[in-house]
Amino acid sequence: MAVRSDSCRLLKCPYVSNFFEMTIPHFPNFYRLFKEVAVIIETM
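Presented here is an overview of the structure given in this document. (Residues numbered from 1 in each chain as written. Predicted model: local features only at pLDDT ≥ 70, side-chain atom pairs only at ≥ 80, totals over all residues. Heavy atoms only, no water.)

### Some points on the overall build of the chain
Assigned secondary structure in the chain consists of 1 helix and 0 strands. Out of the 44 residues in the chain, the part that is buried amounts to 0%. Here the chain has roughly 5100 Å² of accessible surface; of this, 65% comes from carbon and sulfur atoms. (Helix = DSSP H or I, 4+ residues; strand = E, 2+ residues; numbered from the N terminus. Buried < 20%, exposed > 50% of the residue type's maximum accessible area, 1.4 Å probe, protein only. Areas by Shrake-Rupley, 256 points an atom, 1.4 Å probe, with all protein chains shown as cover.)

And the structure:
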């Protein structure tokens, strides 16, 4: 996905944010996977 704006130059530190919903029973699995991904990214 690409987004363009004339005001992007003013951001200095662009970021991407995502919002989503999940049920409480799904959260522990998501949290575990998120931690695994974080470990992989840190080793890069």
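The structure having been displayed, the exposition proceeds.
### Here's the deal with the pattern of salt bridges
Within the structure shown, the criterion is met by 1 salt bridge. We note a salt bridge from glutamate 36 to arginine 32, for which the minimum N-O separation is 2.9 Å. With glutamate 36 and arginine 32 both in helix H1 (residues 27-42), this residue pair falls 4 residues apart, about one helical turn. Under the relative-accessibility criterion, glutamate 36 is labelled partly exposed at 40%. A relative accessible area of 41% means that arginine 32 is categorised as partly exposed. (Salt bridge = Lys/Arg side-chain N within 4 Å of Asp/Glu carboxyl O.)

### A few points about the packing of aromatic side chains
Under the defined criterion, the tally for this structure stands at 4 aromatic pairs. Between phenylalanine 20 and phenylalanine 30, the aromatic rings sit 5.4 Å apart at their centres with planes inclined by 70 degrees, giving edge-to-face as the arrangement. With phenylalanine 20 in the segment before H1 and phenylalanine 30 in helix H1, the pair connects residues that are 10 residues apart, well separated along the chain. Each residue in the set Phe20, Phe27, Phe30, Tyr31 and Phe34 is aromatic and connected to the rest through ring pairs, giving one cluster. (Phe/Tyr/Trp six-rings, centres within 6.5 Å; stacked < 30°, edge-to-face > 60°.)

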